Amino acid sequence: MAENILVGTTVRIKVSSPLTAFNGTIVNPDKWTVMVRTPAAEVSTYEWTAATPGTDIVVPSTGYAYIDIATTDSGVWKVIFKAEPTAANVDTTNTAAVKDFVFHVSPLPFEPIE
């Protein structure tokens, strides 16, 4: 179910079920990539690896990740989480997944979604 979020709100987008290897073990991928598209079609890309975790993508425990997004424009936002192999294309965790999220940001509270 979509919900309206007031412009200026920080939204936490998270992977809510753990990422698992093909054998069922909960793992972190070699690399998390998150792409955020604003209503103005501007795309920002963020990356996390164990060697260079950065500060935008947070990995609170194995298999889970989240990013906090400050909403600056009203309209439809899209967020894509990708679990990827490293640049050398060696996926040591045997993971490959994509999770996407869409949410609507409104300039006014309680504006109906069309």
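The present account deals with the structure reproduced in this document. (Residues numbered from 1 in each chain as written. Predicted model: local features only at pLDDT ≥ 70, side-chain atom pairs only at ≥ 80, totals over all residues. Heavy atoms only, no water.)

**Some points on the overall build of the protein chain**
Here is step 1 of the chain: Secondary structure summary: the protein chain contains zero helices and eight strands in total.
Here is step 2 of the chain: Going from the N terminus to the C terminus, the protein chain shows its helices and strands as β-β-β-β-β-β-β-β.
Here is step 3 of the chain: Looking at the protein chain as a whole, 32% of its 114 residues qualify as buried.
Here is step 4 of the chain: Just so you have it, the protein chain exposes about 6800 Å², and 55% of that area is on carbon and sulfur atoms. (Helix = DSSP H or I, 4+ residues; strand = E, 2+ residues; numbered from the N terminus. Buried < 20%, exposed > 50% of the residue type's maximum accessible area, 1.4 Å probe, protein only. Areas by Shrake-Rupley, 256 points an atom, 1.4 Å probe, with all protein chains shown as cover.)

**Examining the pattern of salt bridges**
Here is step 1 of the chain: Tallied over the entire structure, the rule returns two salt bridges.
Here is step 2 of the chain: Here Arg12 and Asp68 are joined by a salt bridge, their closest N and O atoms 2.7 Å apart. With Arg12 in strand β2 (residues 10–14) and Asp68 in strand β6 (residues 66–70), this pair connects stretches of sequence that are 56 residues apart.
Here is step 3 of the chain: On the basis of relative accessibility, which here comes to 38%, the residue Asp68 falls in the partly exposed class.
Here is step 4 of the chain: Linking Glu47 and Lys31 is a salt bridge whose minimum nitrogen-to-oxygen distance equals 3.4 Å. Linking Glu47 in strand β4 (residues 43–48) with Lys31 in strand β3 (residues 31–37), this pair joins segments that are 16 residues apart in sequence.
Here is step 5 of the chain: Overall, the relative accessible area of 47% leaves Glu47 in the partly exposed class. (Salt bridge = Lys/Arg side-chain N within 4 Å of Asp/Glu carboxyl O.)

**Section: the packing of aromatic side chains**
Aromatic ring pairs are reported here in terms of the distance separating the ring centres and the angle at which the planes meet.
Here is step 1 of the chain: In total, this model carries one aromatic pair according to the counting rule given.
Here is step 2 of the chain: When the ring of Trp32 is compared with that of Phe81, the centres are 5.9 Å apart and the planes differ by 85°; the resulting orientation is edge-to-face. Of this pair, Trp32 sits in strand β3 while Phe81 is found in strand β7 (residues 75–84), placing the two residues 49 residues apart along the sequence. You'll find Trp32 and Phe81 in the same group, each marked buried. (Phe/Tyr/Trp six-rings, centres within 6.5 Å; stacked < 30°, edge-to-face > 60°.)

**What to know about the environment of Ala40**
Here is step 1 of the chain: Tracing the sequence through the fold places Ala40 in the loop between β3 and β4.
Here is step 2 of the chain: Residue classification places Ala40 among the partly exposed positions, given a relative accessible area of 48%.
Here is step 3 of the chain: In sequence terms Ala40 and Trp77 are 37 residues apart; their C-alpha atoms lie 9.0 Å from each other.

**Some details on the nonpolar core**
Here is step 1 of the chain: Counting residues in each nonpolar core, the largest one holds 19 residues, and the members touching the most others are Ile13, Trp32, Val79, Phe81 and Phe103.
Here is step 2 of the chain: In terms of residue count, β7 provides more of this core than any other element does, four residues in total. (Core = buried A, V, L, I, M, F, W, Y, C linked by side-chain atoms within 4.5 Å.)

**Description of the side chain of Thr49**
Here is step 1 of the chain: Along the polypeptide, Thr49 turns up in the loop between β4 and β5 (57–58).
Here is step 2 of the chain: A distance of 2.7 Å separates the side chain of Thr49 from the side chain of Thr52, its partner in a polar contact. (Polar contact = N/O pair within 3.5 Å; in protein donor to acceptor, adjacent residues only side chain to side chain.)

**Here we look at the sheet that holds β2**
Here is step 1 of the chain: Reading across from one edge, β2-β6-β5 is the order of the three strands in this open sheet, with antiparallel pairing throughout. At either margin of the open sheet sits one strand with a lone partner, and together these are β2 and β5.
Here is step 2 of the chain: Where β5 meets β6, two bridges bridge the pair, whose relative direction is antiparallel. Pairing of Ile57 across the sheet is with Ile67, part of β6. (Pairing = 2+ DSSP bridges.)

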